[in-house]
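An overview of the molecular structure
What follows is the residue order along each chain.
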Amino acid sequence: MSRTIQNYIIVIVILCVGAFIFFGIILGRKAVPGNFNAELSFYSEKKQEEDKNKETIAPSPYRGATMSLSPDESQYATGEIFIIDVLINTNNEPIDGVDIRYLVFDPKAVEIIDSEKNMPGTQIEAGELMPVTMANEADLEGGKILFSQIVSGGERFQNNKNEVLARIHMKAKKQGSLNMSFDFTPNATNDANITSLGKDILFQAQEGSYEIYGK
């Protein structure tokens, strides 16, 4: 046999052995299901980690300012004098003023006690959150309270907790249920509102529910 033919045979043998080894590896990988699943798991975990790194924490939605009564529920005896506080919380939003138009009550159930004896009519006690009280009047027959307080001198007011805007001194007259509620429509400025740059930011106006019992 010539040397040339021998060389061809050696080359063919080497190629066959290499092909055998190559296909053996491929078939071996396919024969082990765990390898493929492991690779999928690895790339899935890597993708999740990348997505997690891209995520940004969205801030909590701003819920606006609130107006409420304290206590918002209680019991009183007929003839008893008690106090209901009007509270506001601007949730850190600077405001220009607050209007209560109106806080409604049952004039047959309670009597509003005048807090400003030197002024005509009946007034509630104004708080000191803002320096200028624009309106303060209790309609004893109609059963509604009008109150307004604003800032001055370019200053604006803000807080992040319930604070007393006004205080209502009352006397229980008639046994039964008493509901006190704010006349409030979101985004309106001709009712109960908390204004910031001309916009009503009052989100919630919580009413009060009380029971008056006989002695």
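About the thresholds
- Residues numbered from 1 in each chain as written.
- Predicted model: local features only at pLDDT ≥ 70, side-chain atom pairs only at ≥ 80, totals over all residues.
- Heavy atoms only, no water.
- Core = buried A, V, L, I, M, F, W, Y, C linked by side-chain atoms within 4.5 Å.
- Buried < 20%, exposed > 50% of the residue type's maximum accessible area, 1.4 Å probe, protein only.
- Helix = DSSP H or I, 4+ residues; strand = E, 2+ residues; numbered from the N terminus.
- pLDDT = per-residue confidence, 0-100.
- Contact = heavy atoms within 4.5 Å.
- Salt bridge = Lys/Arg side-chain N within 4 Å of Asp/Glu carboxyl O.

**Considering the nonpolar core**
- By size, the foremost hydrophobic cluster in this structure holds 38 residues, and its most contacted members are Met67, Val86, Ile88 and Met180.
- Those elements that place two or more of their residues in this core are strand E1 (65-70), strand E3 (81-89), strand E4 (97-104), strand E5 (110-112), strand E8 (144-150), strand E9 (163-172), strand E10 (176-182) and strand E14 (208-213).
- It is E9 that contributes the most residues to this core, five residues altogether.

**Regarding the confidence of the model for the protein chain**
- On average, residues of the protein chain score 84 in pLDDT, and 71% of them are at 70 or above.
- The model gives residues 29-36 a pLDDT under 50, and that stretch makes two contacts with residues more than four places away or in other chains.
- When the criterion is pLDDT under 50, residues 54-60 qualifies, and its contacts beyond four places in sequence or with other chains add up to zero contacts.

**A short note on the environment of Val110**
- Structurally, Val110 can be placed in strand E5.
- Residue classification places Val110 among the buried positions, given a relative accessible area of 2%.
- Put simply, Val110 and Lys173 are 63 residues apart on the chain and 5.0 Å apart in space, counted from C-alpha to C-alpha.
- With residues near it in sequence (within four places) discarded, Val110 still touches Phe82, Phe105, Met170, Lys171, Ala172, Lys173, Leu178 and Ile212.

**Considerations on the environment of Ile100**
- The residue Ile100 is located in strand E4 in this model.
- Of the residues examined, Ile100 reaches a relative accessible area of 2% and is grouped as buried.
- Sequence separation of Ile100 and Ala192 is 92 residues, and the distance between their C-alpha atoms is 4.3 Å.
- Excluding its chain neighbours within four sequence positions, the residues that come into contact with Ile100 are Met67, Val86, Ile145, Leu146, Phe147, Leu165, Phe182 and Ala192.

**Some words on the pattern of salt bridges**
- Scanning all chains against the criterion turns up two salt bridges.
- Note that Asp85 is salt-bridged to Arg167, the shortest N-O span being 2.6 Å. Of this pair, Asp85 sits in strand E3 while Arg167 sits in strand E9; the two residues are 82 residues apart in sequence, bridging distant segments of the chain.
- Owing to a relative accessible area of 28%, Arg167 belongs among the partly exposed residues under this scheme.
- Note that Arg156 is salt-bridged to Asp96, the shortest N-O span being 3.0 Å. Here Arg156, found in the loop between E8 and E9, pairs with Asp96, found in the loop between E3 and E4; they are 60 residues apart in sequence, far enough to count as distant.

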